[in-house]
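For reference, the chains in residue letters:
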Amino acid sequence: MFKQYGYLNKFAKLTPINIIRYKYMVQLAKFKGTALFTGKQLLPESMVLIVSDKGVVLDIVHETAAGDDVQQVNGILCPGFINTHCHLELSHMAGVIPEGTGLPAFLTSVMEKRGQQDPAAQELAMAIAEKAMWESGIAAVGDICNGTASLRQKKESSLYYHSFIECMGFVPTFAQNRYEFSKGVLEQFRTTGLPCSIVPHAPYSVSADLFALLAATPDNTPVSIHNQESAAENMLYKDKTGDFLHFYQHFGMDTSAFQPTGTNSLPAWLPWFKHLPLILVHNTFTQESDLQFTKDNALQTYWCLCPQANLYIENCLPDIPLLRSKGCTITLGTDSLASNHQLSIWQEIQTIRKHFPGIPLEEILQWATFNGAQALGITDLYGSFEKGKRPGVILIDHIESKRII
Ligand SMILES: [Zn+2]
């Protein structure tokens, strides 16, 4: 196997001539597994993946045409996973918050406890979490940031990160202040050349004024938002009832400006972002009418599922059969170690398969690879075994996923 971390020079040009050069100038690696998933399709075990020592995909050929030195590996070969929702900066909160509290109580704990550890411990926890993501085969991450805590680590990382700079503020009079603060964080990420965009946290934590500011930000794509993670979110918008009122009261927030729309939360805010690709995260309480509204009003929507976090916080799962029946483009995320026991896309897949055994593995693997790369806008390099891409090569079996390149 090749040395880890060596192949990811994100900015090398992969012109056709360079790919031909790779073929003749570098050592090749040829892998044959029990099956080969391309990012879109599961091929039989007779197919061989050929990559360069830099991890560039050169070809997929039948074993009879693969020549010598084919390495037989035990498991399904798969492109690196794309984790479209994570909070690396919460890695130090592993095991801090009990399971099954429901979202409003969970958020209260996160907000009160996230700052209780020193920065060095937080940095160490982030480094350990990132290493685990890498080793389990994650190649790229859509990562939520409330500040710059993860910036230094990302500058040196072998993982691809798109940082979603998250902005929140439910009281309209503070909208401009909150926006300016997050814009400052965004500029720090942009200055270092790291891919990033500024995004709303959730419908229950962002005022209409703040939604308007965020939606008007130029060159800001994609947009990600926590969507319908609890029943309380829809109740708030329907008739201003439910557990979020206790949450606001706990933090002394003035909610007098908020007027319920009489609808679910999604139709109330989505029109602000109808001109941008959207990654909607969780969708645990999304209903058929919301899917129809999105289809009619959004440019392009990705439905990111984080099933283990949903079980951890609310002990329920999104209506995945409904999402599939409506043709939604699904991606997968791990959420954070505050609401998950590990950051592993393969474990998320295992959880989905346990609860929805009828969904073909081939389809779920596409959620975890090609669809995720589409959502982050990185299909030029990631998400599939197509010539010239460098998506990472991972091996999966019944128990685990692990990176081999
Ligand atoms: Zn989250």
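Residues numbered from 1 in each chain as written. Predicted model: local features only at pLDDT ≥ 70, side-chain atom pairs only at ≥ 80, totals over all residues. Heavy atoms only, no water.

## A few points about the coordination of the zinc ion
Next, step 1: Coordination of the zinc ion by the protein involves His-85 (NE2), His-87 (NE2), His-226 (NE2) and Asp-335 (OD), with metal-donor separations of 2.1 to 2.7 Å.
Next, step 2: Around the zinc ion, the 4 donor atoms are arranged such that angles at the metal cover 83 to 168 degrees; this shape is classified as irregular.
Next, step 3: Along the chain, the residues donating to the zinc ion fall in the pattern H-x1-H-x138-H-x108-D. In this pair, His-87 sits in the loop between β8 (81–86) and α2 (103–113) while Asp-335 sits in the loop between β15 (329–332) and α13 (345–355), placing the two residues 248 residues apart along the sequence.
Next, step 4: On the basis of relative accessible area, His-87 is assigned to the buried category, the value being 8%. (Donors = N, O, S within 2.8 Å, 3.2 Å for Na, K, Ca; no water. Tetrahedral: all angles 85-135°; square planar, octahedral: opposite > 155°, others 65-115°. Helix = DSSP H or I, 4+ residues; strand = E, 2+ residues; numbered from the N terminus. Buried < 20%, exposed > 50% of the residue type's maximum accessible area, 1.4 Å probe, protein only.)

## Brief notes about the sheet that holds strand β12 (residues 223–227)
Next, step 1: Strand order in this open sheet of 4 strands is β12-β13-β14-β15, and the pairing throughout is parallel. A single partner strand is all that each edge strand has here, and the edge strands are β12 and β15. The average undirected angle you get between the axes of adjacent strands in this sheet is 30 degrees.
Next, step 2: Both strand β13 (residues 277–282) and strand β14 (residues 300–305) contribute to a ladder of 5 bridges, which runs parallel. Bridge pairing links Ile-279 to Tyr-302 in β14.
Next, step 3: Sitting on the sheet, helix α14 (residues 361–376) is in contact with β13, β14 and β15, with an inclination near 95 degrees to β15. (Pairing = 2+ DSSP bridges. Axes fitted to C-alpha atoms, helices over the stretch in contact; angles between N-to-C directions. Contact = heavy atoms within 4.5 Å.)

## Describing the pattern of salt bridges
Next, step 1: Considering all chains together, one arrives at 11 salt bridges under this definition.
Next, step 2: The closest approach of N and O atoms between Lys-326 and Glu-288, which form a salt bridge, is 2.9 Å. Pair noted here: Lys-326 is in the loop between α12 (320–325) and β15 and Glu-288 is in helix α10 (residues 288–297), with a separation of 38 residues, a long-range link.
Next, step 3: Put simply, Lys-40, Glu-386 and Lys-389 are held in one network by salt bridges that share partners. (Salt bridge = Lys/Arg side-chain N within 4 Å of Asp/Glu carboxyl O.)

## Brief notes about the packing of aromatic side chains
Next, step 1: Under the counting rule described, the total for this entry stands at 12 aromatic pairs.
Next, step 2: Ring centres of Phe-247 and Phe-251 lie 5.3 Å apart, and the angle between their planes is 65 degrees; on these two criteria the pair is classed as edge-to-face.
Next, step 3: A relative accessible area of 29% means that Phe-251 is categorised as partly exposed.
Next, step 4: With centroids separated by 6.2 Å and ring planes inclined at 65 degrees, the aromatic side chains of Trp-269 and Phe-273 adopt a geometry described as edge-to-face. Here Trp-269 and Phe-273 have matching classes, each one buried.
Next, step 5: An aromatic cluster of three or more residues is present, and its members are Phe-170, Tyr-204, Tyr-237, Phe-244, Phe-247, Tyr-248, Phe-251 and Phe-258.
Next, step 6: Against the face of Phe-370 rests Lys-40, its NZ or CZ located 4.3 Å from the ring centre.
Next, step 7: A cation sits over an aromatic face here: Lys-154 above Tyr-161, 5.2 Å from the ring centre. (Phe/Tyr/Trp six-rings, centres within 6.5 Å; stacked < 30°, edge-to-face > 60°. Lys NZ or Arg CZ within 6 Å of the ring centre and 35° of its normal.)

## Focus: the confidence of the model for the protein
Next, step 1: Across the protein, pLDDT averages 93, with 94% of residues at or above 70.
Next, step 2: Throughout residues 1–13 the model reports pLDDT below 50, and contacts reaching past four residues in sequence, or to other chains, amount to 36 contacts. (pLDDT = per-residue confidence, 0-100.)

## Points about the domain arrangement of the protein
Next, step 1: When its domains are assigned, the protein resolves into domain 1 (2–79) and domain 2 (81–382).
Next, step 2: Distance from the C-alpha centre of domain 1 to the C-alpha centre of domain 2: 33 Å. (Domains from an automatic or database assignment.)

## Concerning unusual backbone geometry
Next, step 1: With an omega of -5 degrees, the peptide bond between Thr-221 and Pro-222 qualifies as cis.
Next, step 2: Mapping Pro-222 onto the fold places it in the loop between α6 (208–215) and β12.
Next, step 3: In this structure, Asn-315 takes a positive phi of about 55 degrees despite not being glycine.
Next, step 4: Take Asn-315: it is sitting in the loop between α11 (307–313) and α12.
Next, step 5: When its relative accessible area of 58% is taken as the criterion, Asn-315 is described as exposed.
Next, step 6: The backbone phi angle of Asp-335 is positive, close to 55 degrees, even though this residue is not glycine.
Next, step 7: Take Asp-335: its relative accessible area is 5%, and that puts it in the buried class.

## Topic: the sheet that holds strand β4 (residues 47–52)
Next, step 1: Sheet architecture is open: 4 strands sit in the order β5-β4-β1-β6, paired in mixed fashion. Because the sheet does not close on itself, it has two edges, and the strands there are β5 (57–62) and β6 (70–72). The mean angle between the axes of side-by-side strands here comes to 30 degrees, regardless of whether they run parallel or antiparallel.
Next, step 2: Of the pairings in the sheet, the one linking β4 to β5 comprises 5 bridges and is antiparallel in character. Among the inter-strand pairings, Met-47 is bridged to a residue of β5, identified as His-62.

## Description of the nonpolar core
Next, step 1: Among the nonpolar cores identified, the biggest contains 106 residues, and Phe-81 and Ile-349 are the most heavily contacted of them.
Next, step 2: Broken down by element, this core gets its largest block of residues, 8 residues, from α14.
Next, step 3: When residues of this core are assigned to domains, at least three map to each of domain 1 (2–79) and domain 2 (81–382).
Next, step 4: Residues contacting Ile-349, with those up to four places away along its chain left out, are Phe-81, Leu-332, Leu-361, Ile-364, Leu-365 and Ala-368.
Next, step 5: Grouped together as the second largest cluster of nonpolar side chains are 15 residues, Phe-31, Met-47, Val-57 and Ile-404 included. (Core = buried A, V, L, I, M, F, W, Y, C linked by side-chain atoms within 4.5 Å.)

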